[in-house]
Amino acid sequence: MVTGIHHVGVAVTDLDESIQLYRSAFGAELVHRVRNETDGIEAAFIHTGSGEIELLSATSPDSPIGKFLAKRGPGLHHVAYGVTDIAQALADARAFGLELIDDEPRMGMHGSLIAFVHPKSLGGVLTEFVAI
């Protein structure tokens, strides 16, 4: 079911500055940048070797990322796991008693189906399933 860590999401206050920082400090490569006005999020997907980081910035202070930044400041937002069957991953999570944020998969900024598990279910870490 879980194939491994798909990416790590990091909330940032300045997306351009953060992209440059990751490029300079780690030699990261920007592979995709997308804006979702409905959710008030702009994201940059960068590769660092074999890993991927999703830098997330708010386009609105009342967006999920805007609220996260106001409450916690910049930093780790979520850990995403690749799953071969997202419906089964959600069913297994439910059966295990985990609280889901998304009862059904939805289209994510990667262009893949995603679903989130509430952070209080997994030690305070927001967890994302990404269909691969």
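Now for a look at the structure at hand.

Reading guide: rules and limits
- Residues numbered from 1 in each chain as written.
- Predicted model: local features only at pLDDT ≥ 70, side-chain atom pairs only at ≥ 80, totals over all residues.
- Heavy atoms only, no water.
- Helix = DSSP H or I, 4+ residues; strand = E, 2+ residues; numbered from the N terminus.
- Expected span 1.5 Å × (residues − 1).
- Buried < 20%, exposed > 50% of the residue type's maximum accessible area, 1.4 Å probe, protein only.
- Arc of directions from axis to C-beta.
- Polar contact = N/O pair within 3.5 Å; in protein donor to acceptor, adjacent residues only side chain to side chain.
- Pairing = 2+ DSSP bridges.
- Contact = heavy atoms within 4.5 Å.
- Axes fitted to C-alpha atoms, helices over the stretch in contact; angles between N-to-C directions.

**What to know about helix α1 (residues 15–26)**
Moving on, step 1. Compared with the 16 Å implied by 1.5 Å per residue over 12 residues, the 16 Å span of α1 between its first and last C-alpha is a close match.
Moving on, step 2. Three or more residues of α1 are buried, namely L15, S18, I19 and Y22. In a view along the axis of α1, the buried residues occupy a sector of 105°, so they form one face of it. Away from its buried face, by an angle of more than 90 degrees, α1 presents the exposed residues E17, L21 and S24.
Moving on, step 3. With a side-chain oxygen positioned 3.2 Å from the backbone nitrogen of D16, the residue opening α1 is D14.

**Considerations on the sheet that holds strand β3 (residues 41–48)**
Moving on, step 1. One open sheet accounts for 8 strands, arranged β2-β3-β4-β1-β5-β8-β7-β6; its pairing is mixed. Strand pairing shows two members of the sheet lacking a second neighbour, β2 (29–36) and β6 (106–107), which therefore form its edges.
Moving on, step 2. Strand contacts of helix α3 (residues 86–95): β5 (75–83), β7 (113–117) and β8 (126–131), with the helix running at about 150° to β8, the strand carrying the most contacts.

**Some details on the pairing of strand β1 (residues 2–11)**
Moving on, step 1. As defined by bridge partners, β1 adjoins β5 across 8 bridges and the pair is classed as antiparallel. Counterpart to G4 in the pairing with β5 is G82.
Moving on, step 2. The sheet contact formed by β1 and strand β4 (residues 51–58) spans 4 bridges and is parallel. Paired with V8 across the strands is I53, a residue of β4.

**Description of the environment of G73**
Moving on, step 1. Position of G73 among the secondary structure elements: in the loop between α2 (64–72) and β5.
Moving on, step 2. Looking at G73, the relative accessible area reads 14%, which means it is buried.
Moving on, step 3. Spatially, the C-alpha atom of G73 lies 16 Å from that of V8, the residues being 65 residues apart in sequence.

**Brief notes about the pairing of β4**
Moving on, step 1. Of all 8 residues in β4, 6 are buried; the element is thus mostly enclosed.
Moving on, step 2. Counting the residues between successive antiparallel strands, the hairpin from β3 to β4 contains 2 residues, one of them, G49, with a positive phi of roughly 65°.

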